[in-house]
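Examination of the molecular architecture
Here are the chains, one letter per residue:
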Amino acid sequence: MSDHRLPERDRPWMMRTYAGHSTAKKSNELYRGNLAMGQTGLSVAFDLPTQTGYDADHELARGEVGKVGVPVAHRGDMAALMDGIPLDEMNTSMTINATAAWLLGLYIVAAQEQGVEAGALQGTTQNDIIKEFLARGTYAFPPAPSMRLIADMVAYTVTEVPKWNPINICSYHLQEAGATPVQEIAYALSNGIAVLDAVRERVEPSLMGKVFSRMSFFVNAGVRFVEEHAKLRAMGRLWEEVGRTRYGVEDPKQLRFRYGVQVNSLGLTENQPENNVQRIVLETLGVTLGRDARARAIQLPAWNEALGLPRPWDQQWSLRIQQVLAYETDLLEYPDIFEGSRVMDGLVDELARGARAEMAVVDEHGGAVEAVAYMKAALVDSHRERLGRIESGEQVVVGINRYADSEPSPMAEGEDGGILTVDPGVEAGQREELARWRTQRDDAAVAQALDGLRRAAADDTENIMPATIEAARAGVTTGEWAHALRDAFGEYRAPTGVGEAAASVPSQDMERLRDEVERVSEGLGRRLKILVGKPGLDGHSNGAEQIAVRARDLGMDVVYEGIRLTPSQIVASALQEGVHVVGLSILSGSHRELIPDLIAGLREAGVEAPVVVGGIIPEADVAPLREAGVAAVYTPKDFDMGVIMGDIVALVAQRNGVGASA
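If you're wondering where the values come from, they're calculated on a predicted model, not measured in any experiment. (Residues numbered from 1 in each chain as written. Predicted model: local features only at pLDDT ≥ 70, side-chain atom pairs only at ≥ 80, totals over all residues. Heavy atoms only, no water.)

Before going further, it helps to examine the overall build of the protein. A count of helices and strands for the protein gives 25 helices and 15 strands. For 662 residues, the compact-globule estimate of 2.2 N^0.38 gives 26 Å, and the C-alpha radius of gyration of the protein, at 25 Å, lies within 12% of that figure. C-alpha atoms of the protein, sized along the principal axes, occupy 75 × 65 × 55 Å. Accessible surface for the protein amounts to roughly 25600 Å². Of this, 50% is attributable to carbon and sulfur atoms. Averaging the coordinates of the 65 positive side-chain charges in the protein and doing the same for the 94 negative ones gives two points 2 Å apart. (Helix = DSSP H or I, 4+ residues; strand = E, 2+ residues; numbered from the N terminus. Rg over C-alpha atoms; globule rule 2.2 N^0.38 Å. Areas by Shrake-Rupley, 256 points an atom, 1.4 Å probe, with all protein chains shown as cover. Lys, Arg positive; Asp, Glu negative; His and termini not counted. Charge placed at Lys NZ, Arg CZ, Asp CG, Glu CD.)

Along strand S13 (residues 581-586), 6 of the 6 residues are buried, which leaves the element largely enclosed by surrounding structure. The alternating pattern of S13 places Val 581, Gly 583 and Ser 585 on one face and Val 582, Leu 584 and Ile 586 on the opposite face, and all of these are buried. Judged from the 4 bridges that link them, strand S11 (residues 529-533) and S13 form a sheet pairing that is parallel. Of the residues in S13, the one forming a bridge with Ile 530 is Val 581. In this structure, S13 lies alongside strand S14 (residues 611-615), joined through 5 bridges in parallel fashion. Pairing of Val 582 across the sheet is with Val 611, part of S14. (Buried < 20%, exposed > 50% of the residue type's maximum accessible area, 1.4 Å probe, protein only. Pairing = 2+ DSSP bridges.)

It is worth spelling out helix H6 (residues 143-160) at this point. Between its first and last C-alpha atoms H6 spans 26 Å; for 18 residues at 1.5 Å apiece the expected length is 26 Å, and the two agree. Along H6, 15 of the 18 residues are buried, which leaves the element largely enclosed by surrounding structure. (Expected span 1.5 Å × (residues − 1).)

Turning our attention to the sheet that holds strand S5 (residues 122-125). Pairing is parallel in the open sheet, where 5 strands are placed in the order S2-S3-S4-S5-S6. The sheet is open, and its two edges are formed by strand S2 (18-19) and strand S6 (164-165), each paired on a single side. Packed on one face of the sheet, helix H4 (residues 100-113) meets strand S4 (91-95), S5 and S6 and runs near 150 degrees to S4. (Contact = heavy atoms within 4.5 Å. Axes fitted to C-alpha atoms, helices over the stretch in contact; angles between N-to-C directions.)

What follows is about the domain arrangement of the protein. Each assigned domain of the protein is listed with its residue range as follows: domain 1 (14-303 + 310-328 + 344-385) and domain 2 (508-655). For domain 1 and domain 2, the distance between their C-alpha centroids amounts to 32 Å. The interface of domain 1 with domain 2 comprises 27 residues on the first partner and 26 residues on the second. With both sides pooled, the region where domain 1 packs onto domain 2 buries about 2200 Å², and carbon together with sulfur makes up 51% of that total. When the area that domain 1 buries against domain 2 is broken down by residue, the three leading residues are Leu 60, Arg 62 and Glu 270, summing to 26%. A salt bridge links Lys 67 to Glu 593; the shortest N-O distance between them is 3.2 Å. Linking domain 1 to domain 2 there are 15 residue pairs in polar contact (both at pLDDT 80 or more). Contributions of two or more residues to the side of domain 1 that touches domain 2 are made by helix H2 (48-52), helix H5 (129-136), helix H7 (172-176) and helix H15 (372-392). No other element matches H15, which puts 4 residues into the side of domain 1 that touches domain 2. Across the side of domain 1 that touches domain 2, the residue classes break down as 11 nonpolar, 7 polar and 9 charged. (Domains from an automatic or database assignment. Buried area = accessible area lost by both parts, 1.4 Å probe. Salt bridge = Lys/Arg side-chain N within 4 Å of Asp/Glu carboxyl O. Polar contact = N/O pair within 3.5 Å; in protein donor to acceptor, adjacent residues only side chain to side chain. Nonpolar A, V, L, I, M, F, W, Y, C, P; charged D, E, K, R; others polar.)

Quick look at the packing of helix H10 (residues 225-247) against helix H12 (residues 275-286) now. Across the interface, H10 lies against H12 with an axial gap of 7 Å and an inter-helix angle of 35 degrees. Crossing of H10 against H12: the hand is right-handed. For the pair H10 and H12, contact is made by Phe 225, His 229 and Leu 232 and by Leu 282, Leu 285 and Gly 286, respectively. A breakdown of the residues in the contact of H10 with H12 according to their chemical character gives 4 nonpolar, 2 polar and no charged. (Left-handed = near helix turned anticlockwise from the far one by under 90°.)

Turning next to the packing of helix H20 (residues 508-524) against helix H25 (residues 641-655). Across the interface, H20 lies against H25 with an axial gap of 10 Å and an inter-helix angle of 15 degrees. Taken together, the axis directions place H20 and H25 in an arrangement best described as roughly parallel. The handedness of the crossing between H20 and H25 is left-handed. Contact residues: H20 offers Leu 513, Glu 516, Val 517, Val 520 and Leu 524, while H25 offers Gly 642, Met 645, Gly 646, Val 649, Val 652 and Ala 653. (Parallel < 35°, antiparallel > 145°, perpendicular 65-115°, else oblique.)

On to the pairing of strand S8 (residues 215-221). Extensive coverage of S8 is indicated by the burial of 7 of its 7 residues. Neither face of S8 is open: one carries Met 215, Phe 217, Val 219 and Ala 221, the other Ser 216, Phe 218 and Asn 220, and all of them are buried. Of the pairings in the sheet, the one linking strand S7 (residues 167-170) to S8 comprises 4 bridges and is parallel in character. Among the inter-strand pairings, Asn 168 is bridged to a residue of S8, identified as Ser 216. Of the pairings in the sheet, the one linking S8 to strand S9 (residues 259-263) comprises 5 bridges and is parallel in character. Each residue of the ladder has a partner; that of Ala 221, found in S9, is Val 263.

All right, on to the sheet that holds S14 then. Ordered in space as S12-S11-S13-S14-S15, the 5 strands form an open sheet in which the pairing is parallel. Both outer strands of the open sheet, strand S12 (557-560) and strand S15 (630-634), are each paired with one neighbouring strand and no more. Sheet twist, expressed as the mean angle between neighbouring strand axes with direction ignored, is 20 degrees. Pairing geometry for S11 and S12, over 4 bridges, is parallel. The partner of Lys 529 across the bridge, within S12, is Asp 557.

This paragraph deals with a nonpolar patch on the surface. Together, Val 396, Val 398 and Tyr 403 line one region of the surface with nonpolar side chains, adding up to about 280 Å² of accessible area. With relative accessibility at 37%, the residue Val 396 sits in the partly exposed group. (Patch = residues over 30% accessible without salt bridge, like charges linked within 9 Å, V, L, I, M, F, W, Y side chains within 5 Å.)

Any two side chains of opposite charge can pair if their charged atoms end up close together. Taken as a whole and judged by the stated rule, the model has 41 salt bridges. A salt bridge links Lys 376 to Glu 545, with the nearest nitrogen and oxygen atoms 2.8 Å apart. Separated by 169 residues along the polypeptide, Lys 376 in helix H15 and Glu 545 in helix H21 (residues 542-553) bring together distant segments of the chain. As far as the burial class goes, Lys 376 and Glu 545 line up, both buried. Its salt-bridge partner being Glu 470, residue Arg 473 comes within 2.6 Å of it at the nearest N-O pair. You can see Arg 473 and its partner Glu 470 sitting in helix H18 (residues 465-474), 3 residues apart, about one turn around the helix.

Note that Lys 210 resides in helix H9 (residues 208-214). Leave out the neighbours within four places in its chain, and Lys 210 touches Val 158 and Gln 254.

A few words now on the packing of aromatic side chains. Taken as a whole and judged by the stated rule, the model has 14 aromatic pairs. Measuring from ring centre to ring centre gives 5.3 Å for Phe 133 and Tyr 139, while their planes differ by 55 degrees; the resulting arrangement is tilted. We note that Phe 133, like Tyr 139, is buried. Site record: aromatic cluster; members linked through ring pairs are Phe 212, Phe 217, Trp 239, Tyr 247, Phe 257 and Tyr 259. Note that Arg 486 overlies the ring of Tyr 54, its terminal NZ or CZ placed 4.3 Å from the centroid. Between Arg 564 and the ring centre of Tyr 139, over which it is positioned, the NZ or CZ distance is 4.8 Å. (Phe/Tyr/Trp six-rings, centres within 6.5 Å; stacked < 30°, edge-to-face > 60°. Lys NZ or Arg CZ within 6 Å of the ring centre and 35° of its normal.)

In structure tokens:
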């Protein structure tokens, strides 16, 4: 056999689809169907209340139950979710962070009810809380106790659940928040170092090699797939350096950079959504072409993620993309095709140098936990620069800022608009089921388990996982577990990065808009003021942050208090601040419930400021929102920030009787 071919074809990577919605029973049906179609691992999407530690009957859960994932409130839900799926054979990835310890506890109890012991379980919990502070927003507790939870979970699993990856350092959402390849490498590895330093305080030194070997990563792969492949090689090189020099790990197997991937959702477009298919295919090449840096597991977004929730058929298509690549092409028949490549070696060196320098800056700030504010502001800046390049046409996005004229896409036609819509009755059903669960369990056992959990939380020397598993077994709910820990740890609001973000470089269009803001402000008798609000549990704050930064740079007064606000809190803020316009951002699908409530609250409080809304809003929902009183709706196809801000200034002028400029 010649050395340019492998002796035998490589095994494919683990193939997953990120799935879950409505209820545990419906999601279980979806999982079984996906496995029957050839999926080789599970990837569980949890709804936002589950991710942030609230039960379905909490005020903040309104409109969010079952929308972006499956609600799991107790061990009964986890048992239903995994019904008929042999957990001693399945490799399950759970995208869960703040409540990762709790969901792993539920999973362990569900497995034991199947007769499967924890030592046999294989899978991953994402569990990267620093990323949540920076990019995704599903945190629940302050940084220090959050890191303790992670360290406890890693320390527990390395001996009790040894096949489990207790953390998945997630650079995926860093790129979605604007990270350059250098920033994605540097911040992800800095996050990993912070976790390892915390774990080192809670395990025997002899276990650090095993701990290092169970650390995994979840990365993003954009459409610049050559550079993205180089990024992964650079990450692998730097991760090995960290293991050898900082933690004394020598075993090559333990030093291996282990990662799974979902390719980029940030670049998927609402306009000409058929273009998303080739984007997904090309991005997948970035994590599969080179054997020495190939992903161990891949899940692909569906073509219609910029429109709403994918249907089973859409997820099947994404799975088939992986299967065609793995089984029909010759990709798995060769050694590393980039070995000796001058281009690839140069790119890897360039990215590694840049990442080392940025990691040094994070270290100067005291490490990743202390550097959250610095990293957040840097991501906001990078995302602003990216949007600026798209606005100017420097960065081409086909169907958006070039070649935008097209035929209507038949893929988004039909009664369902090309997406799956969760039944509005799901939330009421979950509340009813939750009430039934509470009446059927042993209240004394629940109280005892919660007392044990609080004691463990109060004692920093005690590992919190055993008390968490006992609480899961006793029938404690997700909200009760998180509430007990909020009592012990307190709550937290992460920095927004808006105040620290650098000012935009003014363009001619920006200067014209600044002049118009000045003119309208003079007509109003005070500075034009905008409130940018994130109602509900949706933590995707990138769009809201960019609106706030641009409004600031145009000379407006900006009120932006970050994520996770109730409608009543936003109403109170609008009233107190005397704003001229309210801008709301929701990407989780809860706009149908929250926006009408919020507008009604504003009007009841006497706030007449116009309301504009942005987010992933299906076309079918635009008219109902306008009927509820929304003045303007913006979706992912509206990429030009200058146009959006010009619309907002004109709307304020019109509503307040400020005449048009001369």
